[in-house]
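Observations on the three-dimensional arrangement
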Amino acid sequence: MPEYISNQPLAGVIIPAGGIGSRIGHPQPKQFLPLAGLPIIVRTCRAFLELDAICWVVVAAPIDHYQATIDLLYLHLHRQETDRLLFTPGGATRQDSVLAGLNRLPANISLVLVHDAARPLVDRATILRCLEGVVQYGAVIAAVPVQDTLKLVSRVAVIEKTVDRSDLWQAQTPQGARRELLERAFISAARQQFVGTDEASLLEAAGIPVRIVEGSARNLKITRPADLQVAAALLQEEPLMKIGHGFDAHRLVEGRKLILGGVTIPYELGLDGHSDADVVAHALIDALLGALGAGDIGRHFPDTDPQYRGIDSLLLLAQVQQLAEAQQYQLGNADLTIVCQRPRLAPYLSEMQANLSRCCRVSPSAINIKATTTEKMGYTGRGEGIAAHAVVLLRSEYGSK
């Protein structure tokens, strides 16, 4: 998979919420039930609205509770979140609701994810894996390997055989596809009068290959009262957070480009180093590695290794981000300070912010960058070099939201 996606096609999410959830034994739809202080559907929508990669979230609401669904989400979500919400009446089946949501998505949306309203614990990493999978393969489904032994049982509850589980996976959501593939699957289903249990079955019936991407054991679907209790217990876990600090400095020399935060800045001098000598990216890398307890940039990308000569430091940052995700950590926020007498950096800070946030797969608002001088004191003040400091907060994907 790509380390990070640049120029990614626009993505939207459909949340079919048209059911009433009779198995949970409650008079109102289960997606309205409170979970650790917030309605289930609010938590589900927020999981996607927190990602800048998602342009629109369409909620296919139950017809009898259509306005109530809108009111509930507008009550609990922030303005910047509701600005990306769309609504449509749900249908008699999940398939009808998803088709209504697909028709509601703006025409410029080319990547489509579908996610159960009753899966409020979906994590950022799973969503991003699905998006990347759609870009790479065309159609994907989040799933986890079946862990328990499976038995084929007769109608009189007698075991007929043990089922080989080595190739069996438990389907989850998000399920996603390029828009044109999903639309083709719906046209094929209408022609064949086929009703699928999920989007993957629709795509399969249309002869469109669907790939598996890694889901999460926490991404449970709330179906019965006991599921609510499990989800509430998971949300009450203490969030594990880690702090890291990074620092880097390089000498300014002639004959090199000045690259800071992935931005090439016009200047007569550039920073000297084995890579592109991007002190901003290096300081952030060291801060992330420090929070993970994983050493420093020199251990992972030694300046004695020719493969890193002149390398774009944003590629190194993306690799460290992958390391953090492998340990189930996500960047909460980062604060960076660049110490530089000349040139003036203010015009370039927003572009640096965009580059770093893309690599770390967070909103640009999670990355703060400041530039300061030392009033002509020291090596930075004399224009001999540039330094950068970074402080990061990592949060566990298994912590509460």
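Small disclaimer: the values here were computed from a predicted structure and weren't measured. For every chain, the first residue of the written sequence is number 1, and numbering continues from 1 along that sequence. Reporting in this predicted model follows two pLDDT cut-offs: at least 70 for local features of residues, and 80 or more for side-chain atom pairs to be given and counted; totals over whole chains, interfaces and linings ignore these cut-offs and use all residues. Hydrogen atoms and water are omitted, and side-chain values are computed over all heavy atoms in the structure.

1. As for the pairing of strand 18 (residues 385–396)
Applied cut-off: DSSP bridges decide pairing: two strands pair if at least two such bridges lie between them. Going along the chain from the N terminus, every DSSP run of H or I of four or more residues is numbered as a helix, and every run of E of two or more is numbered as a strand.
Taken together, the 11 bridges between strand 12 (residues 241–253) and strand 18 define a ladder with antiparallel strand orientation. Considered in strand 18, the bridge of Ala249 is made with Ala387. Sheet topology note: the strand 16 (residues 329–339)/strand 18 ladder contains 10 bridges and is antiparallel. Across the sheet, Asn333 pairs through a bridge with Leu393, a residue of strand 18.

2. As for the pairing of strand 9 (residues 159–163)
Direction of pairing for strand 8 (residues 150–153) relative to strand 9: antiparallel, over a ladder of 4 bridges. Paired with Lys151 across the two strands is Thr162, which belongs to strand 9. Where strand 8 folds back onto strand 9 in an antiparallel hairpin, the turn is made up of 5 residues, including Ala157, whose phi is positive at roughly 65 degrees.

3. Overview of the sheet that holds strand 17 (residues 367–372)
Across a sheet, paired strands are connected by hydrogen bonds in the backbone, their directions being either parallel or antiparallel. Threshold: Pairs of residues are marked as contacts when any of their non-hydrogen atoms sit within 4.5 Å. Axis angles are defined between N-to-C directions and span 0 to 180 degrees, where every axis is a line fitted to C-alpha atoms and, for a helix, only to the segment in contact.
The strand order across the open sheet built from 5 strands is 15-12-18-16-17, with neighbouring strands paired in mixed fashion. Looking at which strands have only one partner, the edges of the open sheet turn out to be strand 15 (270–271) and strand 17. With 2 bridges joining them, strand 12 and strand 15 adopt antiparallel strand pairing. Residue Leu252 lies in a different strand from strand 15, and its bridge partner there is Leu271. Across the sheet, helix 12 (residues 349–360) is in contact with strand 16 and strand 17; its angle to strand 17 comes to roughly 145 degrees.

4. A closer look at helix 8 (residues 225–235)
As a reminder of what qualifies: Buried means the residue's accessible area, taken with a 1.4 Å probe over protein chains only, is under 20% of the maximum for its type, while exposed means over 50%, and partly exposed covers the values in between. The directions from the helix axis to the C-beta atoms form the arc being described.
Residues Leu228, Ala231, Ala232, Leu234 and Leu235 constitute the buried set of helix 8. For helix 8, the buried positions fall inside an angular range of 160 degrees around the axis, keeping them on one side. Residues of helix 8 that are buried in the fold lie against strand 2 (34–35) and helix 1 (40–49).

5. Side note on the pattern of salt bridges
Two side chains that carry opposite charge are able to pair once their charged atoms sit near each other. Quick reminder of the rule: Here a salt bridge means any side-chain nitrogen of Lys or Arg lying within 4 Å of a carboxyl oxygen belonging to Asp or Glu.
Scanning the entire structure with this criterion turns up 11 salt bridges. Here Arg119 and Asp116 are joined by a salt bridge, their closest N and O atoms 2.8 Å apart.

6. Focus on the sheet that holds strand 5 (residues 85–89)
Ordered by their spatial adjacency, 7 strands build an open sheet running 5-4-1-6-10-7-11, and the pairing between neighbours is mixed. In this open sheet, the two edge strands, each paired with only one partner strand, are strand 5 and strand 11 (211–214). The average undirected angle you get between the axes of adjacent strands in this sheet is 30 degrees. Bridge count for strand 1 (residues 11–16) against strand 6 (residues 111–114) is 4 bridges, and the pairing is parallel. Across the sheet, Gly12 pairs through a bridge with Val112, a residue of strand 6. Most of the contacts of helix 6 (residues 179–192) go to strand 10 (residues 169–178), to which it runs at about 110 degrees, and overall it touches strand 6 and strand 10.

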